[in-house]
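Listed below, chain by chain, are the residues.
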Amino acid sequence: MSLRVEAVSLVLGDGDQQVRALDNVTLKVAPGELLAVVGPSGSGKSSLLAVCGGLRSPTSGRIHVGDTEITALNREGLTRVRRDSIGFVFQQSNLLPSLTVLDQLLLTVHLRGKTPGTADRDRAMVLLQQVGMESRSKRRPAELSGGERQRAGIARALMSSPSLLLVDEPTSMLDQARGQQIVSLLRGQCHEHQVAALMVTHDPDMLMYVDRAVHIADGRLKEMEVSHAAH
Amino acid sequence: MFIALRDLAYAKGRFFLMGLVVALVAYLMTFLSGLSGGLISNNVSGLIAAPVTHFSFQYDDRPTFRASLVDRAMWEGWQARTGVVHAEPLGHTTFNGRNQRDEPLEFVLWGVRPGSFLDVPVASGNRLGAEENGVVISRLLADRGVKIGDIITLDRVLTELKVVGVTADERNYEHAPILFATLPKWQEATYGPPGGPPPGEKLPDVVFDFASSVALDLQPTMTPEQIAAADTDLGTTTLTREASFQTSPAYQVEVFTVAAIQAFLVVTSAVLLGAFFLIWTIQRTAEIGLVKALGASNGYLLRDSLGQALVLLLGGLAVGVGLAVLSGIAFKATAEAGTPFQFQPATVALSALFLLAAGLIGGAVSIRRITAVEPLIALGRDR
């Protein structure tokens, strides 16, 4: 399994202000599988994403990314796991404004302490080609549409060959048609690169484009049936 | 500096403005160091050029060339001490005078013994001793129109001095050019009656037993304790040549003023850069969180941030220092003789280093903020 979440709970706040954001959550995502976590605002979607990405420590439970139990790691260890094993696709894509699309991808190489070389550039261009952004490689984020920014974000997330993709509301800033294209693209990339992906979304219309879905409410998960669209 | 260099290219306007501030501060610092060097040189160049290690004055907590009076026993006593290479009487009096064209002159008259280690070399004309009333003038006076052969008459005492030589460089004290006379002529002008002794008479011998200070050339092996013992025995107070600069009242004020301006500039530039990088960091908080979420360590981001500050500083310094040196050279070339301006490479380099250090300290202000950013913010705060 690329992601194993075992009995994870997360309590936020103190005293009377305590909120149980995640309540004994257990789930698994296999390589090449796109799992959607659907739920309303405040249900615990982003908390689940944060603990799976090592951005927040759970109150209890264990999380494995690949063979690494990230709940046992310190801050530096979590930074390494995020750099080497996890790819993030953020809401609004979160690209750095001063970097071109190509540089957004090459940054992940530089973060690993390497100076990007020809092979890295070639790989980045292949990924950009796969997401339909090859011709936009020299553009900066301000020159891209919302959909293009998301595509660039997906390519960046795949650049470090992660074992896990964590995808945060990728369609929230897009219209229905573009949203469907992005989720379809994500699923295709997960299959092609055999990457496990956990996508949180509030949009049930996207479920027909994912492999599996779970519903989250008050921090608890419930498996859902998905009926696939013609992929 | 993957992100830093791209930020510099992307936010050109902001970084250009900040670089301009650094360049202007560097320009002012460098120009002031030229002024500082010039003031020091102009003020006490006579002392700097003198081949002495120490000056010995009449015993005083705060001795000055002007007020000091030493006698023959003192300079002969110093000469007899072990470790003393040379001990020579030096006369020092400030005079006003006029040349034969009735042009007023203000200068310091130094009395030295021809042939002694204090005897001043000349670039043109003759050395001291060729003529009984001959004087060697500082280059500064020659630049101001005084020529070899000119007769300078001292006000009040009416002693006439004939210019016989000119030094190669400026020899000043308290910004006034030095005239080097023979020690007896200085003693006559300083202690004798106006107009000199009556015809056919000589000044009493006692007049020739006094000078202002004892110029010393001491062996490096001579310890402060040995110097202090000599002072106690001879009734003198001895200062190193560098410490003797402080005997010029203007010297301390000038050096302090320029140093204070430079210190304020350094502090100002540190604060400006600190504020700039702090605001820049605050504006980039979301980006820093994002890069951390992607796996950047604090060390990576700090290297990137300080590298950016270093590039900005080095660029600004290169432009500012370069322009200041060029305009300083042009200023010196067109300014009138005696304008106190002199670049010393070591001083210029030191000023630049101070600014660099101050700028990096300013840039480092944002370190705490960078390390405090949580990668969690990449997911957004309100969900």
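This section reports on the structure supplied with the text.

Cut-offs and rules
- Here the residue numbering is sequential within each chain, running from 1 through the sequence in written order.
- Each chain gets a letter, beginning with A, and each ligand a number, beginning with 1, in the order they are written.
- Since the coordinates come from a predicted model, pLDDT governs what is reported: local features require at least 70, and pairs of side-chain atoms require 80 or more to be given and counted, while whole-chain, interface and lining totals use all residues.
- In computing side-chain values, all of the structure's heavy atoms are included and hydrogens and water are not.
- Here a strand is any run of E in DSSP of at least two residues, a helix any run of H or I of at least four, and the numbering for each starts at the N terminus.
- The size measure is the radius of gyration over C-alpha atoms, and the globule rule it meets is 2.2 Å times the number of residues to the 0.38 power.
- The buried label applies to any residue whose accessible area, calculated with a 1.4 Å probe on protein chains only, is under 20% of its type's maximum; exposed applies above 50%, and partly exposed to all values in between.
- Contact definition: two residues touch when any of their heavy atoms are within 4.5 Å.
- Accessible surface is estimated by sampling points in the Shrake-Rupley manner with a 1.4 Å probe; for residues, cover comes only from the protein chains shown.
- As a rule, the C-alpha atoms of each element are fitted with a line to give its axis, helices using only the stretch in contact, and angles between N-to-C directions run from 0 to 180 degrees.
- Any angle that is under 35 degrees is reported as roughly parallel, and any over 145 degrees as roughly antiparallel; angles of 65 to 115 degrees are reported as roughly perpendicular and all others as oblique.
- The term buried area denotes the loss of accessible surface (1.4 Å probe radius) that occurs when two parts are joined, taken as the sum for both partners.
- The term salt bridge refers to a pairing of a side-chain nitrogen on Lys or Arg with a carboxyl oxygen on Asp or Glu at a separation within 4 Å.
- In protein, a polar contact means a hydrogen-donor-capable atom and an acceptor-capable atom, both N or O and within 3.5 Å, with residues adjacent in sequence counting only if both atoms are side-chain atoms; elsewhere, any N or O pair within 3.5 Å suffices.

## Section: the overall build of chain B
Then comes step 1: Looking only at helices and strands, chain B features 12 helices and 13 strands.
Then comes step 2: Expected size for 383 residues packed as a compact globule is a radius of gyration near 21 Å; at 29 Å, chain B overshoots this value by more than 25%.
Then comes step 3: Dimensions of chain B, computed from the C-alpha atoms along their principal axes, are close to 110 × 50 × 30 Å.
Then comes step 4: Counting all 383 residues of chain B, 50% fall into the buried class.
Then comes step 5: If you take every contact in chain B between residues at least 6 apart in sequence, the share linking residues at least 24 apart comes to 79%.
Then comes step 6: For chain B, the exposed surface amounts to about 17200 Å²; the carbon and sulfur share of it is 63%.

## Examining the packing of helix H3 (residues 101-111) of chain A against helix H1 (residues 2-10) of chain B
Then comes step 1: For the pair H3 of chain A and H1 of chain B, the least separation of the axes is 10 Å and the interaxial angle reads 150°. Regarding the angle of H3 of chain A to H1 of chain B, the classification is roughly antiparallel. Of H1 of chain B, the residues touching H3 of chain A (which contributes Asp103, Leu106, Leu107 and His110 of chain A) are Phe2, Ile3 and Arg6 of chain B.

## Description of the interface of chain B and chain A
Then comes step 1: Across the boundary between the two partners, chain B contributes 22 residues, which contact 28 residues of chain A.
Then comes step 2: For the pair chain B and chain A, the two sides together bury roughly 2500 Å², of which 65% comes from carbon and sulfur.
Then comes step 3: Along the contact surface separating chain B from chain A lie two salt bridges.
Then comes step 4: The shortest N-O distance in the salt bridge between glutamate 374 of chain B and arginine 75 of chain A comes to 3.1 Å.
Then comes step 5: For the pair chain B and chain A, the interface holds seven residue pairs in polar contact (both at pLDDT 80 or more).

## Some details on the side chain of asparagine 99 of chain B
Residue and element names in this part refer to chain B.
Then comes step 1: By secondary structure assignment, the location of asparagine 99 is in strand E3 (residues 84-99).
Then comes step 2: Relative accessible area serves as the criterion here: at 4%, asparagine 99 is assigned to the buried category.
Then comes step 3: Only 2.7 Å separates the side chain of asparagine 99 from the side chain of glutamate 103, close enough to count as a polar contact.
Then comes step 4: When sequence neighbours within four positions are dropped, the list of residues in contact with asparagine 99 reads Leu105, Asp150, Ile151 and Ile152.

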